[in-house]
Amino acid sequence: MWQRLAKLVLKNRLLLLVSLCIATLIMGFFASRIQLSYEFTNAIPLDNPKYEDYLSFRKKFGDDGNVLVIGVKTKDFFQLKNFKAFQKLNAELKRIPYVEDVLSVANAVNLFKDTTDQKLEAIPIFPNRVQSQTQIDSSLKVLYTLPFYRSLLYNPNTKAYLVVVKISKEILKSKGRTKVINEIIDEAKKYSATTNVQTHISGLPLIRTEMADRIAHEMKWFVIGSLLLSALILLLMFRSVQTMALSLLVVITGVIWSVGIMQIFGYKITLLSALIPPLVVVIGIPNCIYFLNKYHSCYRKSGDKNQSLVDMVSKMGIVTLFCNITAAIGLAVFALTKSPILKEFGEVAGVSIMLVFVISFILLPGALSYMKVPGKKHLKYIDVKFITTLLLKIEHWVFNHRKIVYVITLVVILFSLLGMYQLKTEAFIVDDLPKTDKIYTDLKFFENNFGGVMPLEIVIDTKKRNGLAGARILPVLTKMDSLSMYINTQGNMSRPLSIAEGIKFVKEGFYEGDSSNYALPNSFDMAFIGDYLHPKDDTGQNKLAKMLSSFMDTARESTRMSISMADVGTIKLPIILDSLKNRSHYLFDSSKYKVTFTGASITFLEGSSFIIHGLKESLLWAFLFIALCMLYLFKSLRILICSLIPNIIPLIVTAGIMGWIGVRLKPSTVLIFSLALGIAIDVTIRFLVNYKQELPSSNFDIKATVSETIKHTGLSIIYTSLVLISGFIIFCFSGFGGTQSLGWLTSITLFTATLTNLILLPVLLLDTAKKRNKKIE
């Protein structure tokens, strides 16, 4: 079959090459239209109750992830020069397109009672343009009498102040968000240059934008870096610019197809899918090495170019096909999980890896048939003295030191198992950023001074339309205030902002700014204050009423409590949430109220949980499908067991290393295992297929067959492993910690897999073979 297929490919080479070229141009068009994803919530299944709660919240109250904060910390904040610069910063921020609102102490308002019109006038605490230090000092006294702003816009203990910038949610869904965020950062830098005061910027818009832009930047450099490194290895190996260029053409075509497939499927580039193009390069190059090595070996024996090409396709076609199938399985199993982001990755990666096989199967034989035959210098790599000596030593160990091989393997497994028991599963929103990165350090600034920036929303539903109207709101406010006081006693969270805090501010304004009246009104107070809560005109002066309405739905059935919290991680967050839920259940009777916890913090926790569990599940599926492939390919239970053991051990070793050095299991590191399994099994297939092909020619002598297999396949296995390891080492230069871990941990896994497949696998084949020299396959 493969012989006929090889002749068919060579006979129709021109038609196939032209068709491939046209198809690649079409895929290039689709690839050029790919976009970045700025969403963090697509890790959760769309039918997940937590995600449905989040969508319901956004429908009632709007997006919770469109606020950016700028913070400063200085004792000289209210000096004339510095404060004027701060006012200018606020004014310039308002001028930036798509900035909807700016809030800080510079434009904070005080409430004054207008008894004539029965409304509360919102009067700025500070003049729009302060002219003297006296004006600032006078206004400052007023600010300090207003508890509403304390710990919300400034921290009196640490002398930290912040600006809250609300950005249009529509622009945050598009690539135009980068320009808006950069303009905000530029204005903050101008303030720093004027005052010599450092600014800190954080919030989900910034974190999402910066990470998405870095992903796009890194993807380009990873593809370029992996191509250059692969080119260097290929040039050193084959010593032919043409051969190197041909191999690079295969993987570049594969990259174009992978990005095009992503666009055709309707997906965007995420932190996970950004890994696919460089993975195509890393996995595609071994295809080229397998084919070219077989072509060169056959040509050196026969000297017949056409027959060598036929032998190359017929003998390596099935090997490369199953290598790509197993690699594709290692990635495609993610499509079986419930997480949308993993489904996208699995679907695109699985299809892309199989397309690389099709591309190499068409492009390599067709192009080689038009190229000159390889010269002597191009075949020297087959007899590299160092590798030949290394393979002879491996063969010596396999036949003479099998007990030592088993002992060393057992010791390594036991050591790794001890490390596995120390593995921890924990993730943070900015987990993959270095501790010295400005995004990380700025986030810590807000956590230390204001409790954090990660949104947590508590929705109280009265289960009745107009359940919050009139005096009916009073018991709800009392319970909310009690819950707020409880939250204030907890760490890692800001003071909750809710309609209760707003009404306290109203009461203080109604009683002419007496801070002792910053408390919830009773039924007597509400009889007088109620009229002051409704706007009497359309001039927009009653900003308070608008603020209060943003914390209540239009049916006056539900209200919200907004909390900014620290990035505490997936271990502490459930504990904090359980504590808050227990308190809320104590305060709110479940027969009368429904309390829902939602927001970006909840969706992150749920998403991380789904990704980690999904990746663990995908590893089991990968083992199952790969085992079935191996059983179909070799039709031997003995060989199946022999093939799986050398590939399970590297995964155990990697998990043990992670445990010993403290690398946590998280979305970006659990990916390592099924990915490495799918790639490492290629070495096993390469070895065992050659073993099966050599067996008849060795008269079914197991020892002779194992010896010949080590010599014949060892060279290509070592070269392909070198390419794979070098390709993953590229990821170590990433700015994301998880991608760095993916790089060096996968490299360790592949290095260990190379050793186990070249040493342990032959030992297992020898020891599990029957004593009599006969065909047992």
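Details of the structure are given in the entry above.
The rules we used
Residues numbered from 1 in each chain as written. Predicted model: local features only at pLDDT ≥ 70, side-chain atom pairs only at ≥ 80, totals over all residues. Heavy atoms only, no water. Helix = DSSP H or I, 4+ residues; strand = E, 2+ residues; numbered from the N terminus. Expected span 1.5 Å × (residues − 1). Buried < 20%, exposed > 50% of the residue type's maximum accessible area, 1.4 Å probe, protein only. Arc of directions from axis to C-beta. Contact = heavy atoms within 4.5 Å. Axes fitted to C-alpha atoms, helices over the stretch in contact; angles between N-to-C directions. Parallel < 35°, antiparallel > 145°, perpendicular 65-115°, else oblique. Left-handed = near helix turned anticlockwise from the far one by under 90°. Pairing = 2+ DSSP bridges. Phe/Tyr/Trp six-rings, centres within 6.5 Å; stacked < 30°, edge-to-face > 60°. Lys NZ or Arg CZ within 6 Å of the ring centre and 35° of its normal. Salt bridge = Lys/Arg side-chain N within 4 Å of Asp/Glu carboxyl O. Polar contact = N/O pair within 3.5 Å; in protein donor to acceptor, adjacent residues only side chain to side chain.

Undergrad: Provide a residue-level description of helix 2 (residues 13-31), including the pertinent values.
TA: Helical periodicity: at 3.6 residues per turn, an α-helix aligns residues three or four positions apart in one direction. Over its 19 residues, helix 2 runs 26 Å from end to end, which matches the ideal 27 Å to within 8%, given 1.5 Å per residue. Of the positions making up helix 2, those classed as buried are Leu17, Leu20, Thr24, Met27 and Ala31. Along the axis of helix 2, the buried residues cluster in a sector spanning 90 degrees; they form a single face. Within helix 2, the exposed residues directed more than 90 degrees away from the buried face are Leu14, Leu15 and Leu25. Residues of helix 2 that are buried sit in contact with helix 8 (241-264) and helix 11 (340-370).

Undergrad: Mind laying out the packing of helix 7 (residues 204-238) against helix 9 (residues 276-302), listing which residues take part and the relevant values?
TA: Look at helix 7 against helix 9: their axes get within 9 Å of each other, and the N-to-C directions meet at 15 degrees. As summarised for this structure, helix 7 and helix 9 are arranged roughly parallel, according to the angle between their axes. With respect to the hand of their crossing, helix 7 and helix 9 are arranged in right-handed fashion. Contacts from Met219, Phe222, Val223, Ser226, Leu227, Ser230, Leu234, Met237 and Phe238 of helix 7 reach helix 9 at Pro277, Pro278, Val281, Ile285, Ile289, Leu292 and His296.

Undergrad: So, the sheet that holds strand 9 (residues 497-498): which residues are in play, and what are the values?
TA: Spatial ordering of the open sheet is given by 9-10-8-11, a layout of four strands whose pairing is antiparallel. Two strands in the sheet have a free side with no partner beyond their single neighbour: strand 9 and strand 11 (594-598). Of the pairings in the sheet, the one linking strand 9 to strand 10 (residues 558-565) comprises two bridges and is antiparallel in character. Paired with Leu497 across the strands is Ser562, a residue of strand 10. Lying on the sheet, helix 19 (residues 569-587) is in contact with strand 8 (454-461), strand 10 and strand 11; it crosses strand 11 at an angle near 165 degrees. Sitting on the sheet, helix 20 (residues 600-634) is in contact with strand 8, strand 10 and strand 11, with an inclination near 105 degrees to strand 8.

Undergrad: Which residues make up the packing of aromatic side chains, and what are the values?
TA: Applying the stated criterion to the full structure yields 29 aromatic pairs. Seen in terms of ring centroids, Phe357 and Phe361 are 5.5 Å apart; in terms of plane orientation they differ by 35 degrees. Their pairing is tilted. In this pair, Phe357 and Phe361 are both assigned in helix 11, four residues apart and thus about one turn of the helix distant. Accessibility expressed as a relative area gives 8% for Phe361, which makes it buried. Geometrically, the ring pair formed by Phe446 and Phe450 is tilted, given 6.4 Å between the ring centres and 35 degrees between the ring planes. Of the two residues, Phe446 and Phe450 are both situated in helix 14 (residues 438-450); the distance of four residues between them amounts to about one turn of the helix. Here Phe446 and Phe450 have matching classes, each one buried. Three or more aromatic residues joined by ring pairs form one cluster here, namely Phe77, Phe78, Phe83, Phe86, Phe126, Tyr144, Tyr154, Tyr161 and Tyr191. Its guanidinium or amino end placed over the ring of Phe551, Arg560 lies 5.0 Å from that ring's centre, counting from NZ or CZ.

Undergrad: Please give an account of the pattern of salt bridges that cites residues and values.
TA: The tally for this structure, following the rule as stated, stands at eleven salt bridges. One salt bridge connects Arg214 with Glu210, and the closest N-O pair in it is separated by 3.9 Å. Here Arg214 pairs with Glu210, and both are found in helix 7, just four residues apart, close to one helical turn. Exposure remark for Arg214: the relative accessible area of 25% places this residue in the partly exposed category. The salt bridge partner of Glu501 is Lys504, with a shortest N-O separation of 3.4 Å. Of this pair, Glu501 and Lys504 are both found in helix 16 (residues 499-510), three residues apart, which corresponds to roughly one turn of the helix. A single burial state applies to Glu501 and to Lys504, both of which are buried. Salt bridges sharing partners connect three or more residues here, namely Asp481, Arg495, Glu501 and Lys504.

Undergrad: Now, about the environment of Arg239: what can you tell me, with residues and values included?
TA: Tracing the chain through its elements places Arg239 in the loop between helix 7 and helix 8. Sequence separation of Arg239 and Leu750 is 511 residues, and the distance between their C-alpha atoms is 25 Å. When sequence neighbours within four positions are dropped, the list of residues in contact with Arg239 reads Leu234, Lys377, His378 and Lys380.

Undergrad: Residue-level account of the side chain of Thr199, with values.
TA: One can find Thr199 in strand 7 (residues 199-202). Residue Thr199 is classed as buried on the basis of its relative accessible area, which comes to 8%. At a separation of 3.3 Å, a polar atom in the side chain of Thr199 contacts the side chain of Ser192.

Undergrad: Describe in detail helix 16, supporting the description with residues and values.
TA: In a regular helix each residue adds 1.5 Å, so twelve residues correspond to 16 Å; helix 16 covers 16 Å between its end C-alpha atoms and thus fits that length. Within helix 16, twelve of the twelve residues are buried, leaving the element largely enclosed by the surrounding structure. Immediately beyond the C-terminal end of helix 16, within one or two residues, lies Glu512, with a positive phi of roughly 60 degrees.

Undergrad: Can you lay out unusual backbone geometry for me, pointing to particular residues and giving the numbers?
TA: Even without being a glycine, Arg556 presents a positive backbone phi close to 55 degrees. With respect to the element layout, Arg556 can be found in the loop between helix 18 (543-549) and strand 10. You will see that Lys635, though not glycine, has its phi angle at about 50 degrees, which is positive. Of note, Lys635 is situated in the loop between helix 20 and helix 21 (637-661). Of the residues examined, Lys635 reaches a relative accessible area of 60% and is grouped as exposed.

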